[in-house]
Amino acid sequence: MPDTNPGLAPELVSASRTLATCFIERAKTLNLKGIKRDDEAVSFFCGAATMADMEGNKPLAEHLTRQIALIIAVRGYIGVQQIAGNLPG
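Residues numbered from 1 in each chain as written. Predicted model: local features only at pLDDT ≥ 70, side-chain atom pairs only at ≥ 80, totals over all residues. Heavy atoms only, no water.

**Examining the packing of aromatic side chains**
Okay, step 1: Tallied over the full model, the rule gives 3 aromatic pairs.
Okay, step 2: Centre to centre, the rings of phenylalanine 23 and phenylalanine 44 are 5.4 Å apart; their planes meet at 55°, and the pair counts as tilted. On the criterion of sequence distance, the pair formed by phenylalanine 23 in helix α1 (residues 10-29) and phenylalanine 44 in helix α2 (residues 34-54) is long-range, its members being 21 residues apart.
Okay, step 3: With relative accessibility at 23%, the residue phenylalanine 44 sits in the partly exposed group.
Okay, step 4: Over the ring of tyrosine 77 we find arginine 37, and its NZ or CZ is 3.9 Å from the ring centre. (Phe/Tyr/Trp six-rings, centres within 6.5 Å; stacked < 30°, edge-to-face > 60°. Helix = DSSP H or I, 4+ residues; strand = E, 2+ residues; numbered from the N terminus. Buried < 20%, exposed > 50% of the residue type's maximum accessible area, 1.4 Å probe, protein only. Lys NZ or Arg CZ within 6 Å of the ring centre and 35° of its normal.)

Now the structure itself:
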């Protein structure tokens, strides 16, 4: 589900799309499928949110956490594809 919130900073949308695109490439390279791919997607975004938080980028950390909770954890890999803009929301 792409970000459609008009108040959302463009750099947050760009960062999440970049991360999603990176994960899609990683999943293809590692030939991840099914539940394993869904689990790895959540782990990937959790790691990115943790890094953002550790670097003091609270807005990005919060944005990624919302995406983990509301999109990836619910929709799995399809959520990652939607974040990347590869599928309609």
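**A few points about the nonpolar core**
Okay, step 1: Ala20, Phe23, Phe45, Leu64, Tyr77 and Val80 are the most contacted members of the largest nonpolar core, which totals 21 residues.
Okay, step 2: Elements that contribute at least two residues to this core include exactly α1, α2, α3 (58-75) and α4 (77-83).
Okay, step 3: Take this core: its biggest share by element is 6 residues, from α1. (Core = buried A, V, L, I, M, F, W, Y, C linked by side-chain atoms within 4.5 Å.)

**Considerations on α1**
Okay, step 1: The terminal C-alpha atoms of α1 lie 29 Å apart, and with 20 residues this matches the ideal 28 Å at 1.5 Å per residue to within 8%.
Okay, step 2: Three or more residues of α1 are buried, namely Leu12, Val13, Ser16, Ala20, Phe23, Ile24 and Ala27. For α1, the buried positions fall inside an angular range of 105° around the axis, keeping them on one side. Along α1, exposed side chains directed more than 90 degrees from the buried face belong to Pro10, Glu11, Lys28 and Thr29. (Expected span 1.5 Å × (residues − 1). Arc of directions from axis to C-beta.)

**Re the confidence of the model for the protein chain**
Okay, step 1: Of the residues in the protein chain, 88% reach a pLDDT of 70 or more, and the chain-wide mean stands at 86.
Okay, step 2: Looking across the protein chain, the model is least confident in α3, with a mean pLDDT of 84, and most confident in α1, with 94. (pLDDT = per-residue confidence, 0-100.)

**A look at the side chain of glutamine 67**
Okay, step 1: With respect to the secondary-structure elements, glutamine 67 resides in helix α3.
Okay, step 2: Under the relative-accessibility criterion, glutamine 67 is labelled buried at 3%.
Okay, step 3: A polar side-chain atom of glutamine 67 sits 3.5 Å from a polar atom in the side chain of serine 16. (Polar contact = N/O pair within 3.5 Å; in protein donor to acceptor, adjacent residues only side chain to side chain.)

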